[in-house]
Amino acid sequence: MAYSAANLEAPVAKIATDPGADQPRAGIALCLSGGGYRAMLFHVGVLWRLNELGYLSKIARFSSVSGGSITAAVLGVGWGQLAFDGSGIATNFRDAVVGAVRSMASHTVDEWSILKGIFSPGSIADKVAGAYRKHLFGDATLQSLPDSPRFVFNATNIQSKALCRFSKPYMWDYRVGKVANPTLDIAVAVAASSAFPPVLSPLTLEFKETDFVPNTGLDLQFPPYTTKMVLTDGGVYDNLGLETAWKNYQTVLVSDAGGMYAPEPNPKHDWIGHTKRVTDLIDNQVRSLRKRQVIDSFKARARTGAYWGIWTEIGDYQLPDALPAPPDKTHILATTETRLKALDAELQEKLINWGYAVCDAAMRKHVNAAPELPRPVFPYPVGVG
């Protein structure tokens, strides 16, 4: 059945610059949500299992926000070093991807960036970009990414209220316009995507008007929109990273490591604590709505694919050989703070294991249940707790 707003309330809406046809192209897209280091590590486990299943090499587009963009960017920068065998499995995935992400998860970035941003020149977001540059990406730019698959890091433009997409062929806000073949540092693009409000946001980019391809913006292609772009976390606009994937591909895999927030009997009254709590609740409600719309779209056959989340209960998949992941253990992992704060080695391994296990169950239940698929084995013996 063709996707149409007439037959389904979809998780993303068409915009004026989208292609005219409703029917997406054949191919697979993977969406990686935000959630700080919690998401970064959970998604590593997801990629690990997708690789073992032979799906990593089949993905045409990686669309990410916030913490998911850190993991996606590590994969993108290292893509050329992956050694894919005849089955499409990268035999050196652990060495090429996992080690770098785990090393990053051993460094606290947010707290030090806030202090440096207050007491030294430059913004807090600039300090976060500096940490990504130091620990992960060096001087790699968007032009360091492969032509295929496409990696898209999503941020939110506070001025235009639209998504700003960073990729190798372009940086594009559909209202402001397109910058072709951008040479922006990947560290800066990922810092924009992960600029959690209110403390790590905003990140400001400066341009010349001539940087934009003429007539590529809908209604805001003029200064100051084209000379100074003010960005915040991609999750503010699209907390699952769905937009660019859903509109383009028939098969969409959604990995959601977003938080779910418990009742709070004594909420903070200071402006930072209160603002964070309110922002968390808004994010939770929007994420829940999009999740329901995604799953309803799968049921209506508007797309093929699967959704899995860090709060998913693995028993719901009713697989006799799913990895042991008791909800009382996985729910503890899901409540890991949404921060760029160092995590101990055991917690890192549990988060990776949980992403690996729930991705395996979702893929074998909803995408490929072939009996010859390799059976799952936790990457780390610690399990999920």
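Above this text you will find the structure in question.
This report concerns the structure included in the present document.

Reading guide: rules and limits
Residues numbered from 1 in each chain as written. Predicted model: local features only at pLDDT ≥ 70, side-chain atom pairs only at ≥ 80, totals over all residues. Heavy atoms only, no water. Buried < 20%, exposed > 50% of the residue type's maximum accessible area, 1.4 Å probe, protein only. Helix = DSSP H or I, 4+ residues; strand = E, 2+ residues; numbered from the N terminus. Arc of directions from axis to C-beta. Contact = heavy atoms within 4.5 Å. Polar contact = N/O pair within 3.5 Å; in protein donor to acceptor, adjacent residues only side chain to side chain.

## Focus: helix H9 (residues 327–334)
Step number 1: Burial in H9 covers these residues: Thr330, Leu333 and Ala334. Each buried residue of H9 lies within a common arc of 100° when the element is viewed along its axis, so the set occupies one face. Counted as exposed and oriented over 90 degrees from the buried face of H9: Asp328 and Ile332.
Step number 2: Buried-residue contacts for H9 involve helix H1 (36–52) and helix H10 (345–366).

## Notes on the side chain of Thr244
Step number 1: Among the secondary structure elements, Thr244 is positioned in helix H7 (residues 243–246).
Step number 2: The class of Thr244 is buried, set by a relative accessible area of 5%.
Step number 3: Here the side chain of Thr244 touches Arg61 through a polar contact of 2.5 Å, side chain to side chain.

## Quick look at the environment of Leu30
Step number 1: Of note, Leu30 is situated in strand S1 (residues 25–32).
Step number 2: We classify Leu30 as buried; its relative accessible area is 0%.
Step number 3: Separated by 215 residues in the primary sequence, Leu30 and Ala245 place their C-alpha atoms 7.2 Å from one another.
Step number 4: Apart from the residues lying within four places of it in its own chain, the contact partners of Leu30 are Leu47, Leu50, Ile59, Arg61, Phe62, Ser63, Leu253 and Trp308.

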